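If you want the building blocks of each chain, they are given just below.
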Amino acid sequence: MSRRAIPEKTPAGGEPRVEAWRQLLGVRSERPSPLLASVPADEAALHELRERLARTPRELPSKYFYDDRGSALFEQITRLPEYYPTRTEEALLRAVAPEIAEACGGAQLSDVVELGSGAASKTVALLEAALALGAAPRYVAVDISAHALRRTRALLAQAAPQVAVQEVLADYTRALSLPSRLAQSRRLALFLGGTIGNDEDEDALALLARIREQLDPGDSFLLGANLVCEPAAIHAAYNDAQGVTAQFNFNILAAVNRLAQSRFDPRDFDHHAPYVVEHKRIEMWLVANRAVEIELGRLGASLKLAKGEGIRTEISRRFTRADVLQLLDAAGFSPDRWFESPNSRFGLGLGKARAGPRTP
Ligand code: AVJ
């Protein structure tokens, strides 16, 4: 498949570049799989890294898990016996896909936009349901990982060859700009996998509001969320026997080292991932197993960690139904439907973009 060669990184101060792409995307391309590159310029990324490492507790942004190796490791995680979310959500989505496709405009549904498309295997059921209702949806895949987008493209070509795929390589935690829609069309945006749980409320809300901005009143938004359930099941999912999740956690250091020319050594750290009941969330940490001083490269100076001191690399929240519907409502979506897996570990909330200002 031919694809225009576009650098996967914008140069420093790359905003004009992003603007150019926005304009370019205003025109609908008939070519398969054009690629939008808006992964942020280095300076902004370095600034964010510095700021996060200076927090109490120290943090690294979870999005850096998803370099090529990290994306592959995450795919491996989704197949682990302990990691229940992916297969739970996939089965749920498969079961309710016809109802969702119908509620989102049926034959009128023209755009299915997925943030964090990953391997997109879940989404195929939804696209098939839309096709069955006579729709001819285009699938817009937005992901920070070029590797994940390649996998998405391959998977879709195999599973739903009649669906046109448009790829958008972007860090949607910063900005989101989507290809323009067709006239008379209905959009469905998807944010699945429980990734909304990686953000505290404020950032989660900001992200959902950004998605809302890209939609018109009457468009739909489907949000997948991990639900509060037995702590032992949650704990096991992030502390698998094979240690794949630990490898995934360590790998963030390689990604950060590449970006910042820093010298984090994964051997200096232990994987620690407790479920914190009070906050209804898993916290993934890298905990120094000895006193270390880490050269920070382009981040400047060095970082001293005492033995036992940690860096938090991820929060992964569990929600209640009320939490999810409230989040949708606060972001400008009228809660429309709610679906729950038979074991109540995973939920899907469907919202309709509301016209006018938010209710206070
Ligand atoms: C892809 C963000 C939904 O939070 O469970 C898997 C990432 N981290 N194992 C999650 C993850 C550790 C995953 N999300």
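Heads up: the structure comes first, above all this text.
Residues numbered from 1 in each chain as written. Predicted model: local features only at pLDDT ≥ 70, side-chain atom pairs only at ≥ 80, totals over all residues.

So, on to the site of the ligand. The ligand sits among Ile77, Pro85, Gly193, Gly194, Thr195, Gly197, Asn198, Tyr238, Thr245, Phe248, Glu314 and Ser316. For the shell around the ligand, the elements supplying multiple residues, two or more each, are helix H9 (244–260) and strand E13 (310–317). Of the residues assigned to the shell around the ligand, the class counts are four nonpolar, seven polar and one charged. (Near = placed C-beta within 6 Å. Helix = DSSP H or I, 4+ residues; strand = E, 2+ residues; numbered from the N terminus. Nonpolar A, V, L, I, M, F, W, Y, C, P; charged D, E, K, R; others polar.)

This next bit is on the pairing of strand E5 (residues 165–170). Across the six residues that make up E5, a large majority, six, are buried. On E5, burial covers both faces: Val165, Glu167 and Leu169 on one face and Gln166, Val168 and Ala170 on the other are all buried. For the segment spanning strand E4 (residues 138–143), helix H6 (residues 146–159) and E5, crossover handedness is right-handed. (Buried ≥ 20, exposed ≤ 12 C-beta atoms within 10 Å, placed from the backbone. Right-handed = clockwise from strand over helix to strand, strands pointing away.)

Okay, the packing of helix H4 (residues 85–103) against helix H5 (residues 123–132) next. Packing of H4 against H5 brings their axes to within 8 Å, and their N-to-C directions diverge by 35 degrees. Of the two elements, H4 crosses H5, and the hand of that crossing is right-handed. Contacts from Leu93, Arg94, Ala97, Pro98, Ile100 and Ala101 in H4 reach Ala125, Leu126, Ala129 and Ala130 in H5. Tallied by class, residues from the contact of H4 with H5 come to nine nonpolar, no polar and one charged. (Axes fitted to C-alpha atoms, helices over the stretch in contact; angles between N-to-C directions. Left-handed = near helix turned anticlockwise from the far one by under 90°. Contact = placed C-beta atoms within 7 Å.)

Most of H5 sits inside the fold, with seven of its 10 residues counted as buried. By the burial criterion, the buried members of H5 are Thr123, Val124, Ala125, Leu126, Leu127, Ala129 and Ala130. As for H5, its buried residues are in contact with H4, strand E3 (109–115), E4, H6 and strand E6 (186–191). Backbone geometry just downstream of H5 places Gly134 in the positive-phi region, at approximately 95 degrees.

With that settled, consider the nonpolar core. Counting 94 residues, the largest nonpolar core has Leu126 and Leu190 as the members making the most contacts within it. Broken down by element, the residue count for this core peaks at seven residues, all from H9. (Core = buried A, V, L, I, M, F, W, Y, C linked by C-beta atoms within 7 Å.)

Cis geometry is adopted by the peptide bond preceding Pro57, which originates at Thr56 and carries an omega value of -5 degrees. Along the chain, Pro57 turns up in the loop between helix H2 (42–54) and strand E2 (58–59). Its identity is not glycine, yet Gln261 carries a phi of approximately 55 degrees, on the positive side. Mapped onto the fold, Gln261 is located in the loop between H9 and strand E8 (269–272). Residues other than glycine seldom take positive phi values, yet Ser344 does so here, at roughly 60 degrees. With respect to the helices and strands, the residue Ser344 is situated in the loop between strand E14 (333–340) and strand E15 (346–353). Judged by the 12 C-beta atoms lying within 10 Å of it, Ser344 is exposed.

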